[in-house]
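Working through the structure, step by step
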Amino acid sequence: MKKRFYTALTLFACTLIVCACSTTPKKSTPLPPQTVMHLKAMQLSPILPIPVKGIKRQNLTDTWGAARSAGRRHEGIDILAPRGTPVTSATEGLVASLQSNRLGGNVVWILGPAGSWHYYAHLKSHKRGLHVGQYVHAGDVIGYVGNTGNARHTVSHLHYGLYLAGKGRGAVNPYPYVHGDF
Ligand SMILES: [Zn+2]
């Protein structure tokens, strides 16, 4: 009888461990398919608002293609701004990922019109409550300028990347797109 009890106890403990392990690799939240289809059918405007509050076109430098460490080329533009300045979405779209990474630090990925992907990196933090699957409009605050990731020894800035062939694929220079205030 006692042996049976211990066998049951062991089984129970194993079940707990298996359950705990199987929940660790968190599945990414799927984006609402209808909204994704709707976004893909939209046109991407050739003129987008500058995604940092208070920054004017004449404050921008075209840093696309500049040399970076390990033979990389700069796949985006750096928009210099004081730490904590609100970062605003350049387009409407779905918040697709908030997963931090080594180079980008705190980042936001947004799936926008015509299946464009927008990458906002080195954020001090995300806007509180921002979540994957959330629909944002151009000009909505999504985070705050910082220097996380490989920007930790540089001045605070937003790295803005624009991709036309998928998440992280088909990078194009965002500089000709971004103009003026929203
Ligand atoms: Zn950059």
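Residues numbered from 1 in each chain as written. Predicted model: local features only at pLDDT ≥ 70, side-chain atom pairs only at ≥ 80, totals over all residues. Heavy atoms only, no water.

**What about the coordination of the zinc ion?**
A four-donor tetrahedral metal ideally has 109.5 degree angles, and a six-donor octahedral metal ideally has angles of 90 or 180 degrees. Coordination sphere of the zinc ion, protein contribution only: His-74 (NE2), Asp-78 (OD) and His-159 (ND1), at 2.0 to 2.1 Å. Between the donor residues of the zinc ion, the gaps in sequence give the motif H-x3-D-x80-H. Of this pair, His-74 sits in the loop between helix 2 (33–41) and strand 1 (77–80) while His-159 sits in strand 8 (residues 157–163), placing them 85 residues apart in sequence. The pair formed by His-74 and His-159 is uniform in burial state, with each residue classed as buried. (Donors = N, O, S within 2.8 Å, 3.2 Å for Na, K, Ca; no water. Helix = DSSP H or I, 4+ residues; strand = E, 2+ residues; numbered from the N terminus. Buried < 20%, exposed > 50% of the residue type's maximum accessible area, 1.4 Å probe, protein only.)

**Here we look at unusual backbone geometry**
The bulk of non-glycine residues show a negative phi, and the bulk of peptide bonds are trans. One non-glycine residue, Ala-70, lies in positive phi territory at about 60 degrees. Residue class for Ala-70 comes out exposed when judged on its relative accessible area of 78%. The backbone of His-122 sits at a positive phi, close to 70 degrees, despite the residue not being glycine. Along the chain, His-122 turns up in strand 5 (residues 117–126).

**Structural notes on the layout of surface pockets**
Estimates place the volume of the largest pocket at around 700 Å³. Lining the largest pocket are 33 residues; nearest its centre among them are Asn-101, Gly-104, Val-107, Trp-109 and Tyr-119. Elements supplying a minimum of two residues to the lining of the largest pocket: strand 1, strand 3 (93–97), strand 4 (106–111), strand 5 and strand 8. The residue makeup of the lining of the largest pocket, split by class, is 13 nonpolar, 12 polar and eight charged. (1 Å grid on protein atoms, 1.4 Å probe; cavity = no way out; pocket = protein on both sides within 12 Å on 5 of 7 lines; lining within 4 Å. Points joined across faces, edges and corners; volume = space filled by probe spheres on them. Nonpolar A, V, L, I, M, F, W, Y, C, P; charged D, E, K, R; others polar.)

**Notes on the side chain of His-159**
Owing to a relative accessible area of 9%, His-159 belongs among the buried residues under this scheme. Among the polar contacts made by the side chain of His-159, one reaches the side chain of His-74 at a distance of 3.1 Å. Not counting residues within four places of it along the chain, the set of residues in contact with His-159 comprises His-74, Glu-75, Gly-76, Ile-77, Asp-78, Tyr-119, Tyr-120, Ala-121 and His-122. (Polar contact = N/O pair within 3.5 Å; in protein donor to acceptor, adjacent residues only side chain to side chain. Contact = heavy atoms within 4.5 Å.)

**Considerations on the pairing of strand 5**
For strand 5, a buried count of seven out of 10 residues is recorded, marking the element as mostly surrounded by other parts of the structure. Taken together, the three bridges between strand 5 and strand 7 (residues 141–145) define a ladder with antiparallel strand orientation. Counted as the bridge partner of His-126 is Gly-143 from strand 7. (Pairing = 2+ DSSP bridges.)

**With respect to the confidence of the model for the protein**
Here the protein averages 89 in pLDDT, while 83% of its residues score no lower than 70. For residues 14–25, every residue scores under 50 in pLDDT, and the model assigns this stretch zero contacts once sequence neighbours within four places are set aside. (pLDDT = per-residue confidence, 0-100.)

**With respect to the nonpolar core**
The nonpolar side chains of soluble globular proteins are, as a tendency, buried together. Ranked by internal contacts, the top residues of the largest apolar core, which has 26 residues, are Ile-79, Val-108, Tyr-120, Ile-142, Leu-158 and Tyr-160. The set of elements that each furnish at least two residues to this core consists of strand 1, strand 4, strand 5, strand 7 and strand 8. The element best represented in this core is strand 8, accounting for three residues. Excluding its chain neighbours within four sequence positions, the residues that come into contact with Leu-158 are Pro-51, Val-52, Ile-77, Asp-78, Ile-79, Val-87, Tyr-120, Ala-121, Leu-123 and Val-145. (Core = buried A, V, L, I, M, F, W, Y, C linked by side-chain atoms within 4.5 Å.)

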